[in-house]
Amino acid sequence: MKSGAQSGKHSGRTISKHYFRLQSLHERLYSILIGPLVIVLGLFFLFKFLGTGDLMIHSISPFKILWATGATLGRLFTAYFLSLICAIPLALLATYNSWTEKILLPTFDIIESVPALAFFPVVILFFINVHFINGAAIFILFLSMIWNIVFTVVGGLQIIPKDIGYAAKVFHITGFRYIRQIILPSIFPEIVTGSILALAQGWNLIIVAEVIHTYIPGATSQNDLFGLGSILVNASAIGQTHIFVACISVMIFVIALLNFFVWQRLIHYAQRFKFE
């Protein structure tokens, strides 16, 4: 693999040896697929029992806002991990050859252009029937997030130098080994970029995703999902300015923390995988 990495360097690509030396196959599988899948399953069971919460805007406490923040983050990251798990295979399939590219990329573009909220009433009715109302919020967030990752990863796949593929053939790197040793490191910067865009899209949509009573005939705010978005909207509706300001402040604080401690570090780390 060292020879393969050196060939990548000669073709204008700086590929981090740290990635290949320190991560075993099991570690790569866990970080790319199994880890997010375990998190998704864990959060699924959490939300299965969480359901809707009693908002009780007049009695909102700091602890309740903290719990609401956790619920909102749980929905966002469940949708994000699902998007990541689905987006990478879709991007690989779309760029597999010229035929799939001509068929799938326009199809993805059309689907992405349709507002995710257009499906929301139908989505809500479906998840109400299966008694998993949190699934409606997670699914609509998933629909809004996935295309950010798909199209950025497609762009990353299209700029991989052909010399990388030639070097892989010379050293007999094919199949799943080619994906985990060549493709995944090559598109890592695009995965980070797409993830940032996806989470930003999720934050924009979380209020609508949690405030679902407007989509259910005869429903009230008590049918909303418990989270930062629903507390924020309902506090604004009844004039509880201090609760509204508290929720906005917490939301900004959480976004800033994620940006500083997660995304900035990942952006910096991704620089070693970029083509030069």
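These numbers were taken from a predicted model, which means no experiment stands behind them.

Engineer: Any chance you could explain the overall build of the protein chain here in plain terms?
Structural biologist: What the protein chain contains, in helices and strands, is 11 helices and zero strands. Ordering the α and β elements of the protein chain from the N terminus gives α-α-α-α-α-α-α-α-α-α-α. Within the protein chain, buried positions represent 44% of all 276 residues. At a minimum sequence separation of 6, the contacts of the protein chain that also span at least 24 residues come to 77%. When the accessible area of the protein chain is evaluated, it comes to approximately 14300 Å², of which 69% is carbon and sulfur surface.

Engineer: Explanation requested: the environment of Cys86 in the structure shown.
Structural biologist: Turning to its location among the elements, Cys86 is positioned in helix α4 (residues 62-94). Residues Cys86 and Phe142, spaced 56 residues apart in sequence, show a C-alpha to C-alpha distance of 9.8 Å. In this view, Cys86 contacts Phe142 and Ile146; residues no more than four positions away in its chain are not counted.

Engineer: It is not clear to me how the pattern of salt bridges should be interpreted in this structure. Could you clarify?
Structural biologist: Side-chain pairing between opposite charges can occur once the charged atoms of the two side chains come close. By the definition in use, this model includes one salt bridge. Arg75 serves as the salt-bridge partner of Glu210, at 2.9 Å between the closest nitrogen and oxygen. With Glu210 in helix α9 (residues 175-210) and Arg75 in helix α4, the pair connects residues that are 135 residues apart, well separated along the chain. Residue classification places Glu210 among the buried positions, given a relative accessible area of 0%. Classification of Arg75 as buried rests on a relative accessible area of 0%.

Engineer: Explain helix α6 (residues 120-129) to me, please; I cannot follow it from the model alone.
Structural biologist: For an α-helix, 3.6 residues make a turn, and residues three or four places apart therefore share a direction. Within α6, burial applies to Phe120, Val123, Ile124 and Phe127. Relative to the axis of α6, the buried residues are bounded by an arc of 100° and lie together on one face. Residues of α6 that are exposed and point more than 90 degrees away from the buried face comprise Val122, Phe126 and Asn129. Those residues of α6 that are buried lie in contact with α7 (134-158) and α9. Looking one or two places after α6, you find His131, whose phi comes out positive at around 60°.

Engineer: Whenever I open this one, the environment of Val233 confuses me. Can you help?
Structural biologist: Structurally, Val233 is set in helix α10 (residues 228-237). With a relative accessible area of 26%, Val233 lands in the partly exposed category. Residues Val233 and Val208, 25 residues apart in the sequence, show an inter-C-alpha distance of 9.2 Å.

Here is what the cut-offs are and how they apply
Residues numbered from 1 in each chain as written. Predicted model: local features only at pLDDT ≥ 70, side-chain atom pairs only at ≥ 80, totals over all residues. Heavy atoms only, no water. Helix = DSSP H or I, 4+ residues; strand = E, 2+ residues; numbered from the N terminus. Buried < 20%, exposed > 50% of the residue type's maximum accessible area, 1.4 Å probe, protein only. Contact = heavy atoms within 4.5 Å. Areas by Shrake-Rupley, 256 points an atom, 1.4 Å probe, with all protein chains shown as cover. Salt bridge = Lys/Arg side-chain N within 4 Å of Asp/Glu carboxyl O. Arc of directions from axis to C-beta.

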